[in-house]
Amino acid sequence: METNKHTPTNIVRAYSRYLKLQRGYSKNTLDAYERDLLKLLNYLEQEDKHVLDVELSDLQQFAASLHDIGIHPRSQCRILSGVRSFFRFLQLDGYREDDPTELLESPVLGEHLPEVLSAQEVDLLENSIDLSKWEGQRNKAIIEVLFSCGLRVSELVQLKLSNLYLDEQYVRVFGKGSKERLIPISSKAIKELDYWFMDRNLMTIKPGEEDYVFLNRRGSHLTRTMILIMIKQQAKEAGIQKTISPHTLRHSFATSLLEGGADLRAIQAMLGHESIGTTEIYTHIDMSTLRQQILEHHPRNMKKR
């Protein structure tokens, strides 16, 4: 007979507590995990199947249903990754003796290289900003900090004055799972911040928001969506044809470091990647750049004039 602990609702609550307290996930990450898990739970409810009775064949049918309703393969992989995490928790916490996801396969993805900007394109982006507008210098500082430090946009909006050590030229950041890391900051980024602080010091700031570096007109800290909209609009005004986002500047930071000769482990530490495998995507970007250089400049590949 099912105990109260084993109702799907209570199991999901226990899983959410596990992700928050033991894994240290942020609210945004928790929301993403719960949204993806809800897809599985809704499917199981339609199939009249309890989560503790699920077998591999059920999960394979669920994976097939994701494909059938047109979910992109990359999103399928993310959802199935969350499903694996959920069933590992069930086994770890004694809800189940087995893990039915051990042989569950994800869609095979083609290699996807993220869009990147060169330093010249970042300059073009910054130079297109109208500094006569109130938010002009703030936006220029945002772009430069993203490119110079490789921050996630969630890290940027949470950046505090108390975590800036500009005399020593580094910033303290709290990334995924509230993991702390120290990142060097360039003199150019510091200069743009100093100009922004001149404007910021003239603002009326809402109580409780005084420590945030980047603020909106109302004196509150920015949201991720605000920065996404700003960067897309700025790219349009700069005439940049690439599809970019705040994350593009993070990719550009890592690629520039690798092309400049930085060690992959150092890039991993600055990006806050838990696994070196995540950082290795940048070796593919670097190799594609190298290939293009060889095709264009090697004497055996140059067309006869």
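Given the structure is predicted, the values throughout are model-derived calculations rather than measurements.

Chemist: An account of the packing of helix 5 (residues 119-127) against helix 6 (residues 136-149) is requested, with residue identities and associated values reported.
Modeler: Interhelical geometry of helix 5 versus helix 6 gives an angle of 165° and a closest axis separation of 10 Å. The orientation of helix 5 with respect to helix 6, classified from their angle, is roughly antiparallel. The interaxial crossing formed by helix 5 with helix 6 has right-handed handedness. Seen from helix 5, the contacting residues are Ala 119, Val 122, Leu 125 and Glu 126; seen from helix 6, they are Lys 140, Ile 143, Glu 144 and Phe 147. Taken together, the residues of the contact of helix 5 with helix 6 sort by class into 5 nonpolar, no polar and 3 charged.

Chemist: Break down helix 1 (residues 8-22) for me, with residues and values.
Modeler: Between its first and last C-alpha, helix 1 extends 20 Å over 15 residues, near the 21 Å set by a 1.5 Å rise per residue. The set of residues buried in helix 1 consists of Asn 10, Ile 11, Val 12, Ala 14, Tyr 15, Ser 16, Tyr 18 and Leu 19. Among the structural elements, helix 2 (27-46) and helix 4 (73-92) are those in contact with the buried residues of helix 1. Residue Gly 24 follows helix 1 closely and has a positive phi angle near 70°.

Chemist: Requested: an account of the sheet that holds strand 1 (residues 164-165), with residues and values cited.
Modeler: Read from one edge of the open sheet, 3 strands run 1-2-3, paired in antiparallel fashion. Every other strand in the sheet has two partners, leaving strand 1 and strand 3 (180-184) as the edge strands with one partner each. Pairing of strand 1 with strand 2 (residues 170-174) involves 2 bridges; the strand directions are antiparallel. Bridge pairing in strand 2 links Tyr 165 to Tyr 170.

Cut-offs applied
- Residues numbered from 1 in each chain as written.
- Predicted model: local features only at pLDDT ≥ 70, side-chain atom pairs only at ≥ 80, totals over all residues.
- Heavy atoms only, no water.
- Axes fitted to C-alpha atoms, helices over the stretch in contact; angles between N-to-C directions.
- Helix = DSSP H or I, 4+ residues; strand = E, 2+ residues; numbered from the N terminus.
- Parallel < 35°, antiparallel > 145°, perpendicular 65-115°, else oblique.
- Left-handed = near helix turned anticlockwise from the far one by under 90°.
- Contact = heavy atoms within 4.5 Å.
- Nonpolar A, V, L, I, M, F, W, Y, C, P; charged D, E, K, R; others polar.
- Expected span 1.5 Å × (residues − 1).
- Buried < 20%, exposed > 50% of the residue type's maximum accessible area, 1.4 Å probe, protein only.
- Pairing = 2+ DSSP bridges.

Taken by themselves, the reported measurements are silent on function.
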